[in-house]
Amino acid sequence: MLIVALLLLLTLFSCRPPAPAPEAGAELTLLFTGDVLLDRGVRPLAESEGVEALFDSVSPLFREADAVVVNLECPLTDTLSPVHKKYIFRADSRWATGLRHAGITHASMANNHTNDQGRRGLQSTHHHLLQAGITPLGYGLGIDQQLTPALVSKSGIDVALFNATTLAIENWCRVEGKPGICQPTADELASTVSRYKAVHPHHRVVVILHWGTEFQATPNIPQRSLAHRLAKAGADAIVGHHPHVLQPLEYIPKEQKNTPSNDVPVFYSLGNFLFDQTPPITRRSAIASLRFHADGTLTADTIPILLEGCRPRTR
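Reference entry: report on the structure contained in this document. Bear in mind that the values here come from a model prediction, so they are computed numbers and not experimental data. (Residues numbered from 1 in each chain as written. Predicted model: local features only at pLDDT ≥ 70, side-chain atom pairs only at ≥ 80, totals over all residues. Heavy atoms only, no water.)

**Here's the deal with the overall build of the protein**
Moving on, step 1. On a plain count of helices and strands, the protein comes out with 8 helices and 16 strands.
Moving on, step 2. By the compact-globule yardstick of 20 Å for 315 residues, the protein fits well, its C-alpha radius of gyration being 19 Å.
Moving on, step 3. Dimensions of the protein along its principal axes, counting C-alpha atoms only, are 60 × 40 × 40 Å.
Moving on, step 4. Within the span of the protein, comprising 315 residues, buried residues form 54% of the whole. (Helix = DSSP H or I, 4+ residues; strand = E, 2+ residues; numbered from the N terminus. Rg over C-alpha atoms; globule rule 2.2 N^0.38 Å. Buried < 20%, exposed > 50% of the residue type's maximum accessible area, 1.4 Å probe, protein only.)

**Structural notes on the side chain of Thr125**
Moving on, step 1. Mapped onto the fold, Thr125 is located in helix H5 (residues 118–132).
Moving on, step 2. With a relative accessible area of 0%, Thr125 lands in the buried category.

**Re the side chain of Thr33**
Moving on, step 1. In this structure, Thr33 sits in strand S1 (residues 27–36).
Moving on, step 2. Classification of Thr33 by relative accessible area gives buried; the value is 1%.
Moving on, step 3. The residues touching Thr33, leaving out its near neighbours within four places in the chain, are Phe62, Val69, Val70, Asn71, His241, Leu270, Phe273, Ala286 and Ile287. (Contact = heavy atoms within 4.5 Å.)

**Some thoughts on the pattern of salt bridges**
Moving on, step 1. On inspection of all chains with the given rule, the structure shows 18 salt bridges.
Moving on, step 2. In this structure, a network of salt bridges that share partners links the residues Asp39, Arg43, Glu47, Arg90, Asp92 and Arg94. (Salt bridge = Lys/Arg side-chain N within 4 Å of Asp/Glu carboxyl O.)

**Quick notes on the sheet that holds strand S9 (residues 204–210)**
Moving on, step 1. Sheet architecture is open: 6 strands sit in the order S6-S7-S9-S10-S12-S11, paired in mixed fashion. Strands with a single pairing partner mark the edges of an open sheet, and in this sheet they are strand S6 (150–154) and strand S11 (246–253). Going from strand to strand, the sheet's axes swing by 15° on average, the running direction of each strand aside.
Moving on, step 2. The sheet contacts of helix H7 (residues 186–199) involve S6, strand S7 (157–165) and S9, and relative to S9 the element is tilted by about 165°. (Pairing = 2+ DSSP bridges. Axes fitted to C-alpha atoms, helices over the stretch in contact; angles between N-to-C directions.)

**Re the packing of aromatic side chains**
Moving on, step 1. Under the definition given, this model contains 5 aromatic pairs.
Moving on, step 2. A centroid spacing of 6.4 Å and a plane angle of 45° characterise the contact between Phe55 and Phe62, whose relative ring orientation is tilted.
Moving on, step 3. With a relative accessible area of 0%, Phe55 lands in the buried category.
Moving on, step 4. These aromatic residues form a ring-pair network of at least three members: Phe55, Phe62 and Phe273.
Moving on, step 5. Above the face of the Trp172 ring, Arg119 is positioned so that its terminal group lies 4.2 Å from the ring centre. (Phe/Tyr/Trp six-rings, centres within 6.5 Å; stacked < 30°, edge-to-face > 60°. Lys NZ or Arg CZ within 6 Å of the ring centre and 35° of its normal.)

Function cannot be inferred from these measures alone, as they are strictly geometric.
Right, dumping it as structure tokens:
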């Protein structure tokens, strides 16, 4: 029976039509930011100026990209059901529209604050993001949904976006079948990426991770270990946040030497992006730019950002 099953799988894959080749000279550009907070010290600015205005300096960059992914560091909900924890955030649901008008297309939900208003708040955040035209990442009713990537496509170039957090979250646990964020084990995440690449060998894969140690300018050992595992599993790029400070960009060589691009860029932490912390180290930030080319290569760049009055400014 096992031999029959394997033969059937081989038949299915051999019958799969080849993926269309990307258009010659085509490029797909993705931008990624660090933490976006719409509460505490940022709330008065959002209420007085509107959320869209807080991104005035960077919106022109956003609109030139094919997709823009931010880490949403707060629930977008009018539901008040706070989880018992030290820091609890909540942003008004109507502000989702302002984020979209600023040029943001995707929001990472797998972090340690989108759960601040409980599972109802998570559901509400997911709903309001979708309603505003923003694709939520790292959310679902179980680990399978949470590990299902969003696909960004253009001119025959396909990029799958995975989003997860490696953090232990205060007073929160993963419950299968209930609204939750993606909190996989390292094995689950690496094996999911590996299986996805086996089925979709021509898709590029970006893994967005909320990880690391707060206020540390260098990645820790678990970050580096997971980055190498994901690169080996087939990730083409890794983008991180959570430490609230910049951490370095590192390149990990791919094991598959016949691929057009042999290095996997790892942005360990992009720092804050729209945030109210005041120490100088927390106000230096970056946008990660990934340009995927039709020939299979990838260009990774860092765009320096400085936070002034909580808001991002290009330097």
